[in-house]
Amino acid sequence: MPSVPIRVALAAAAILVSAAAPHAQDGSERPAWQGHGIKPQSPDSPFGEVVSGLYFRSKETQAMQADDFNNPGFLAVEQGEELWSKVDGAAGKSCASCHNDAATSMKGVAAAYPKWNEKLGKPANLEQRINICRGGALKAEPWAFGSPELTAMTTYLRNQSRGMPVAVKVDGPMTPWFDRGKALYYQRNGQLDLACASCHQSNHGKYLRADFLSQGQSNGFPVYRLRDQRLVPLHERMEGCMQDVRATPFKPLSDEFLALETYVAWRGLGLPVETPAVRN
């Protein structure tokens, strides 16, 4: 009789439904994702077609994301806009004091994150960059990861790049972080002995746990998850994936997740930023 870990792994594999199946187990129609992608920006890409997670969702969810008045993530965009002009910290400044109108000064900025930070001697993602500014120019307390304020500001800033292509750089000092993220992406973890690639590369388009597996792109984060009824930052989603395979997750904003974020962003080079995206 198979050992417990092997039985668990077999059970996980058994719930992957053939990509040829026209419907999910709940009767919903399989989303048509083929033909909605872009040509890979790098010859090293594992995909022949790079596709946003949007096209693995139902038509109803796609329509919700496309309608700014119906997209629930825009409540955070509005909150972020208010925070942008709010004076906070001992310096008596707001973000707008230095950067003026975010629609102009922040256009395209978020599409390039994570990026190398010379002062830190390592990459910083957008959430970390926000808190660097808060502790520096504003002389304000950093916002905690997952807090409504940090998630709203991250969403607001990424929304200024909506429609622009993901443009993260992975050369120069970023190369070791890219390599580390790639190794983590293919590293098997947990009792289910699965890697990120097990689902989002080898089985994308298949049905798993009441949802269709996407390519795992990060161009829409933070995303409004309908099942959670709130915006979810990327590192929280990565943490949840590790918990799903019964592994001990890395901590949000850790070097491990920062490297993984860098590699995942590279896999989606050229995809348009969609923040705030809507997912199941």
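Thresholds applied
- Residues numbered from 1 in each chain as written.
- Predicted model: local features only at pLDDT ≥ 70, side-chain atom pairs only at ≥ 80, totals over all residues.
- Heavy atoms only, no water.
- Helix = DSSP H or I, 4+ residues; strand = E, 2+ residues; numbered from the N terminus.
- Buried < 20%, exposed > 50% of the residue type's maximum accessible area, 1.4 Å probe, protein only.
- Areas by Shrake-Rupley, 256 points an atom, 1.4 Å probe, with all protein chains shown as cover.
- Phe/Tyr/Trp six-rings, centres within 6.5 Å; stacked < 30°, edge-to-face > 60°.
- Lys NZ or Arg CZ within 6 Å of the ring centre and 35° of its normal.
- Expected span 1.5 Å × (residues − 1).
- Contact = heavy atoms within 4.5 Å.
- Salt bridge = Lys/Arg side-chain N within 4 Å of Asp/Glu carboxyl O.
- UniProt positions renumbered as here; feature names shortened; annotations may be inferred.
- Core = buried A, V, L, I, M, F, W, Y, C linked by side-chain atoms within 4.5 Å.
- Axes fitted to C-alpha atoms, helices over the stretch in contact; angles between N-to-C directions.
- Parallel < 35°, antiparallel > 145°, perpendicular 65-115°, else oblique.
- Nonpolar A, V, L, I, M, F, W, Y, C, P; charged D, E, K, R; others polar.

S.K.: What am I meant to see in the overall build of the protein here?
M.R.: Along the protein, the regular secondary structure elements total 11 helices and seven strands. Of all 280 residues assigned to the protein, the portion counted as buried reaches 46%. Total accessible area on the protein is roughly 13700 Å²; 54% of this is exposed by carbon and sulfur atoms.

S.K.: Even after reading the chapter, I still don't get the packing of aromatic side chains, so can you show me in this structure?
M.R.: The geometry of two aromatic rings is summed up by the distance between their centres and the angle between their planes. Scanning the entire structure with this criterion turns up nine aromatic pairs. Considering the side-chain rings of Tyr185 and Tyr263, the 5.3 Å spacing of their centres and the 65° angle between planes classify their relative orientation as edge-to-face. Here the residue Tyr185 occupies a position in helix H8 (residues 175-186), and Tyr263 occupies one in helix H11 (residues 255-267), the gap between them amounting to 78 residues. Residue Tyr185 is classed as buried on the basis of its relative accessible area of 2%. On the basis of relative accessible area, Tyr263 is assigned to the buried category, the value being 1%. Ring geometry for Phe250 and Phe257: centres 5.6 Å apart, planes at 85°, overall edge-to-face. On the basis of relative accessible area, Phe250 is assigned to the partly exposed category, the value being 22%. Aromatic rings pair up to connect Phe178, Tyr185, Tyr186, Tyr263 and Trp266 into one cluster. The positively charged end of Arg134 is found above the aromatic ring belonging to Trp143, 3.9 Å away from the centroid.

S.K.: Can you walk me through helix H7 (residues 148-159) in this structure?
M.R.: Count 3.6 residues to each turn of an α-helix, and residues three or four apart come out pointing the same way. The terminal C-alpha atoms of H7, which comprises 12 residues, lie 16 Å apart, in line with the 16 Å expected from a rise of 1.5 Å per residue. With respect to burial, H7 is a largely interior element, 10 of its 12 residues being buried. When H7 is considered as a whole, its buried residues turn out to be Leu150, Thr151, Ala152, Met153, Thr154, Thr155, Tyr156, Leu157, Arg158 and Asn159. For H7, the secondary structure elements touched by its buried residues are helix H3 (74-84), helix H4 (95-99), helix H5 (102-105), helix H6 (126-135) and strand S6 (230-232).

S.K.: Help me out: how do you make sense of the pattern of salt bridges in this one?
M.R.: Between side chains of opposite charge, a pair can form when the charged atoms approach closely. Tallied over the entire structure, the rule returns 10 salt bridges. Between Arg134 and Asp88 there is a salt bridge, and its shortest N-O distance comes to 2.8 Å. Of this pair, Arg134 sits in helix H6 while Asp88 sits in the loop between H3 and H4, placing them 46 residues apart in sequence. For Arg134, a relative accessible area of 6% corresponds to the buried category. Looking at Asp88, the relative accessible area reads 29%, which means it is partly exposed. With its nearest N and O atoms 3.2 Å apart, the salt bridge here joins Glu274 to Arg279.

S.K.: Would you take a moment to explain the UniProt feature "binding site: heme c 2" (unreviewed entry) in the protein for this structure?
M.R.: With numbering matched to this structure, UniProt assigns "binding site: heme c 2" (unreviewed entry) to Cys196, Cys199, His200 and Cys241. These annotated residues cover 46 residues of sequence, but their C-alpha atoms sit close together, with the largest distance between any two at 11.2 Å. Looking at the secondary structure, you find Cys199 in helix H9 (residues 196-200). Residue class for Cys199 comes out buried when judged on its relative accessible area of 16%. When residues no more than four places from it in sequence are discounted, the contact partners of Cys199 are His204, Leu208, Leu213 and Ser214.

S.K.: Which parts of the structure should I look at to understand the environment of Met106?
M.R.: Among the secondary structure elements, Met106 is positioned in the loop between H5 and strand S1 (115-117). When the C-alpha atoms of Met106 and Ser161 are compared, they prove to be 7.5 Å apart, with 55 residues separating the residues in sequence. Beyond its immediate stretch of four places on either side in the chain, Met106 contacts Trp84, His99, Leu157, Gln160 and Ser161.

S.K.: Sorry, what's going on with the nonpolar core here?
M.R.: One broad rule of soluble globular proteins: the nonpolar side chains tend to lie buried together. With 25 residues, the main nonpolar core has Tyr185, Met238, Leu260 and Trp266 as its most contacted residues. Among the secondary structure elements, those contributing two or more residues to this core are H8, helix H10 (234-244) and H11. It is H11 that provides the largest number of residues to this core, a total of six residues. Those residues in contact with Leu260 that lie beyond four places of it in its chain are Gly181, Leu184, Tyr185, Cys196 and Met238.

S.K.: Got a minute to help me understand the packing of H6 against H7 in this structure?
M.R.: How two helices sit against one another is set out by the angle between their axes and by the gap between those axes. The contact between H6 and H7 brings their axes to 10 Å, and the two run at 110°. Viewed along their axes, H6 and H7 adopt a mutual orientation that is roughly perpendicular. Between H6, through Leu126, Glu127, Ile130 and Asn131, and H7, the contact on the second element is made entirely by Leu150, Met153, Thr154, Leu157 and Arg158. Across the contact of H6 with H7, the residue classes tally to five nonpolar, two polar and two charged.

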